[in-house]
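Each chain, written out:
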Amino acid sequence: MSNPKFSVAVITQVGLVAAVYAALTVLLAPFSYGAVQVRIAEALMLLCCCRKRWCIALSIGCLIANLFSGMPTDILFGTLATVIAAVLMYRIRKPVIAAFVPAVVNGLIVGAQLCLLYEMPFALAFLGVAAGEVIAVVLIGLPLYYGVMRSAAVRRLIDPEERKAQ
């Protein structure tokens, strides 16, 4: 008997979302890495409000993208920041509130990393990363999320339970 949590369809969906995150980040590399970064792929983080599988997908995508960052510490700490933000967003479940979580988490963790590696003032590193996250997740991600969630077919794919809180 197959486990629906790990069906071929679920694994494929997780792989596709991870690939989209990684591809967007790497293709838009001039904006995706460094002290001031806007990872457009972070707009996908709002999927984490719906299902645990999207937390896994985006964490894998971030790990793959961070392999191309040129900063070995980013592979560990950047991915850790994404995992923490994804789990918190899943627990919050309200996109408008959850949208600010990546700004705080990445601002703290990636900001500390940049502060140590580049000897930047922490406040400057935090603000640079947090601002990029707000642009990607709040200004781009929220309108995109609510726009695509208008479609019943998309809602069923992203969140079959179609939570009423959204």
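Look a little higher up for the structure.
So, here is what we can say about the structure in this document. If you're wondering where the values come from, they're calculated on a predicted model, not measured in any experiment.

What to know about the overall build of the protein
- Each helix and strand in the protein was counted, giving eight helices and zero strands.
- Secondary structure elements of the protein occur, N-terminal to C-terminal, as α-α-α-α-α-α-α-α.
- Its C-alpha radius of gyration of 16 Å places the protein within 12% of the 15 Å reference for a compact globule of 166 residues.
- Projecting the C-alpha coordinates of the protein onto the three principal axes gives extents of approximately 50 × 30 × 25 Å.
- When contacts within the protein are restricted to residue pairs at least 6 apart in sequence, long-range pairs at least 24 apart make up 63% of them.
- Within the structure as shown, the protein displays about 8,700 Å² of accessible surface, and the carbon and sulfur contribution to it stands at 75%.
- If you average the places of the 13 positive and of the 7 negative side-chain charges in the protein, the two averages end up 13 Å apart.

Quick look at helix H6 (residues 101-118)
- Across its 18 residues, H6 extends 24 Å between first and last C-alpha, which sits within 8% of the 26 Å expected from 1.5 Å per residue.
- Where H6 bends most, the angle comes to about 30°, and this point is Gly 107.
- Within the sequence span of H6, burial applies to Val 101, Pro 102, Ala 103, Val 105, Asn 106, Gly 107, Ile 109, Val 110, Gly 111, Gln 113 and Leu 114.
- Those residues of H6 that are buried lie in contact with helix H4 (72-92), helix H5 (95-98) and helix H7 (122-148).
- Positive backbone phi, approximately 55°, marks Glu 119, located one or two places after H6.

With respect to the pattern of salt bridges
- For the structure shown, the criterion picks out one salt bridge.
- One salt bridge connects Arg 39 with Asp 74, and the closest N-O pair in it is separated by 3.7 Å. Within this pair, whereas Arg 39 is found in the loop between helix H2 (29-32) and helix H3 (52-66), its partner Asp 74 is found in helix H4, the two being separated by 35 residues in sequence. For the residue pair Arg 39 and Asp 74, the accessibility class agrees, reading buried in each case.

Calculation notes
- Residues numbered from 1 in each chain as written.
- Predicted model: local features only at pLDDT ≥ 70, side-chain atom pairs only at ≥ 80, totals over all residues.
- Heavy atoms only, no water.
- Helix = DSSP H or I, 4+ residues; strand = E, 2+ residues; numbered from the N terminus.
- Rg over C-alpha atoms; globule rule 2.2 N^0.38 Å.
- Contact = heavy atoms within 4.5 Å.
- Areas by Shrake-Rupley, 256 points an atom, 1.4 Å probe, with all protein chains shown as cover.
- Lys, Arg positive; Asp, Glu negative; His and termini not counted.
- Charge placed at Lys NZ, Arg CZ, Asp CG, Glu CD.
- Expected span 1.5 Å × (residues − 1).
- Bend = angle between axes of the 7 residues up to and from the residue.
- Buried < 20%, exposed > 50% of the residue type's maximum accessible area, 1.4 Å probe, protein only.
- Salt bridge = Lys/Arg side-chain N within 4 Å of Asp/Glu carboxyl O.

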